[in-house]
Structures are given as structure tokens and as C-alpha cells.
Amino acid sequence: GAGVSQTPSNKVTEKGKYVELRCDPISGHTALYWYRQSLGQGPEFLIYFQGTGAADDSGLPNDRFFAVRPEGSVSTLKIQRTERGDSAVYLCASSPGGVNTEAFFGQGTRLTVV
Amino acid sequence: GIQVEQSPPDLILQEGANSTLRCNFSDSVNNLQWFHQNPWGQLINLFYIPSGTKQNGRLSATTVATERYSLLYISSSQTTDSGVYFCAVALRNQAGTALIFGKGTTLSVSS
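Residues numbered from 1 in each chain as written. Chains lettered and ligands numbered in written order. Predicted model: local features only at pLDDT ≥ 70, side-chain atom pairs only at ≥ 80, totals over all residues. Heavy atoms only, no water.

Enquirer: When you look at the interface of chain A and chain B in this model, what are you seeing that I'm missing?
Expert: Accessible area lost when the parts come together is the quantity often used to give the size of an interface. In this assembly, 19 residues from chain A lie in contact with 19 residues from chain B. Around 1600 Å² of area is buried between chain A and chain B when both sides are counted, 51% of it from carbon and sulfur atoms. The largest contributions to the chain A side of the interface with chain B come from A:Val99, A:Asn100 and A:Phe105, which together make up 33% of the buried area. The tally of links between chain A and chain B comes to 0 salt bridges. Linking chain A with chain B are 9 residue pairs in polar contact (both at pLDDT 80 or more). When contributions to the side of chain A that touches chain B are tallied by element, the ones reaching two or more residues are strand E4 (31-37), strand E5 (44-50) and strand E10 (104-105) of chain A. (Contact = heavy atoms within 4.5 Å. Buried area = accessible area lost by both parts, 1.4 Å probe. Salt bridge = Lys/Arg side-chain N within 4 Å of Asp/Glu carboxyl O. Polar contact = N/O pair within 3.5 Å; in protein donor to acceptor, adjacent residues only side chain to side chain. Helix = DSSP H or I, 4+ residues; strand = E, 2+ residues; numbered from the N terminus.)

Pasting the structure below:
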């Protein structure tokens, strides 16, 4: 596609529920990144994929967070047993190569856990 | 881990003024990008500039990698320049490390 696309734009869920956030990267980009941004803060790194594999998942806060990219294109960030502290904007980015290439961001998914 | 510090944290300008935003980083980097986050939350790419100088219209940027800082210049500011400006870097010696962001500079331009 022309840019990085994230769906849904907004998601409201109840505490304890499971959510999935989707990211469709720029066509041909091999690297994909997930970030989380809380109000007034800079984006915080969660996980980085190179192709289908997670090259760096050191930013995932705990085992309730998981991400997949089974075919090396679309990625899904999965959050189990959501907590109110998970409320944030989740951003996805892609780049044509590794971390040394220019990354482009989607518009984000605003997750609200009530 | 790497430290990315941006200054000033907040900046208020009158339309037409010039400004300089600074980004200091604590280690050698392979990637440095400047972004503008608009009021709707979209991160817009301004510059990919691990070293050297680039210009795009009223904006220009310089990265001095050996001294571990980058500067973003905004000339003749407009109200549409308002928003948060982020610097983000990726470490030179850790190939698997993604972009790490500073806390940003919030710019407000009034007419």
C-alpha cells in the first residue's frame, strides 16, 4: 500500500478482555516495528520483525503481549487479559531493510481499557 | 541503554520566527530520524540524517555524529508547524535494536 495502515483506529475494551491490533506495512518493506505511546511521552519500542521472525522483542512489557508476522507482511499485536495501564496509542512502522533504513509510521491505534 | 535527550522541552514562537531544536545522544548511531507529530497523532518523517546536512524547504537538519548531536532548524515558522518534534536513533553496535525516541520538543506557533 501507499503507507502503513493500522486497524482499528480506535478500540475500547473491558479490563480482562483480549485484543488484536493489525498493521499492514508498506509493500516490500521487510522490517516492521511496534511502539506504544502514552500521553505526553515519546513512542516506546515494543518489538521489531525482520521478515517473519522477531529480531528484537526486548520491549514487550510482559507475557500478556505477543506479536506475529506469519507471512512477512501483515503483523498482529495481541494483548491478553488487558489492564487499564495498557491504554495508549499503539504505533506500527515499517522500513525497507533493517534498523539502518528510514522507518515510516502508521496513524496508530488508540486503545482504551475501561 | 542509549540516552536520547531533546531540548528545549517546550518552545513558544510568533509566526515568522526561527528556531533550533537539539538532540543529544549518548552512543554511536547508525540511524537518526526527525519526526513531526501533528495534533492528530500522526508521525510525519522530516529527515533521515545519520550524518551530514539536509534541507527541505523551511526546514533543515545537521547531524554531527562524532560529537553525538543533531540540530533541526525551522525558519519563518508557521502555525502549521505546531506540534511535537521527535528525534529517534538506532545504535551503531546493536544491529537488532530499533529506533529509540527522545521525549520530544513541543512547539507552539501563534499568529
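Moving on from the model shown.
Enquirer: What should I look at first to understand the state of the cysteines in this one?
Expert: Each disulfide consists of one covalent bond between the sulfur atoms belonging to two cysteines. If you walk through the whole model with that rule in mind, you get 2 disulfides over all chains. At a sulfur-sulfur separation of 1.8 Å, the disulfide partner of A:Cys23 is A:Cys92. An S-S torsion of about -70° defines the bridge between A:Cys23 and A:Cys92 as left-handed. A residue pair is termed long-range when its members are at least 10 positions apart, and A:Cys23 in strand E3 (residues 19-24) and A:Cys92 in strand E9 (residues 88-95) qualify at 69 residues. Taking relative accessible area as the criterion, A:Cys92 reaches 0% and is therefore assigned buried. Between the sulfur atoms of B:Cys23 and its disulfide mate B:Cys87 the distance is 2.0 Å. Disulfide B:Cys23-B:Cys87: the torsion about the S-S bond is -60°, which places it as left-handed. One end of the pair, B:Cys23, is in strand E3 (residues 19-25); the other, B:Cys87, is in strand E9 (residues 83-91), with 64 residues separating them in the sequence. Here B:Cys23 matches B:Cys87 in class, with each residue buried. (Disulfide = S-S within 2.5 Å. Buried < 20%, exposed > 50% of the residue type's maximum accessible area, 1.4 Å probe, protein only.)

Enquirer: Just to check I follow, could you spell out the environment of A:Pro25 for this structure?
Expert: Residue and element names in this part refer to chain A. Relative to the assigned elements, Pro-25 resides in the loop between E3 and E4. Here Pro-25 falls in the buried class, since its relative accessible area comes to 4%. When the C-alpha atoms of Pro-25 and Phe-104 are compared, they prove to be 8.9 Å apart, with 79 residues separating the residues in sequence.

Enquirer: Help me out: how do you make sense of the sheet that holds strand E8 (residues 75-79) of chain A in this one?
Expert: Hydrogen bonds along the backbone pair up the strands of a sheet, which may run parallel or antiparallel. All names here are of chain A. Strands sit in the order E1-E3-E8-E7 across an open sheet of 4 strands; the sheet is antiparallel. This sheet does not close on itself; its edge strands, each paired only once, are strand E1 (5-7) and strand E7 (65-68). When the angles between neighbouring strand axes are averaged without regard to direction, this sheet yields 15°. Two strands pair when backbone bridges link them, and E3 and E8 are joined in this way by 5 bridges, in the antiparallel orientation. Each residue of the ladder has a partner; that of Cys-23, found in E8, is Ser-75. (Pairing = 2+ DSSP bridges. Axes fitted to C-alpha atoms, helices over the stretch in contact; angles between N-to-C directions.)

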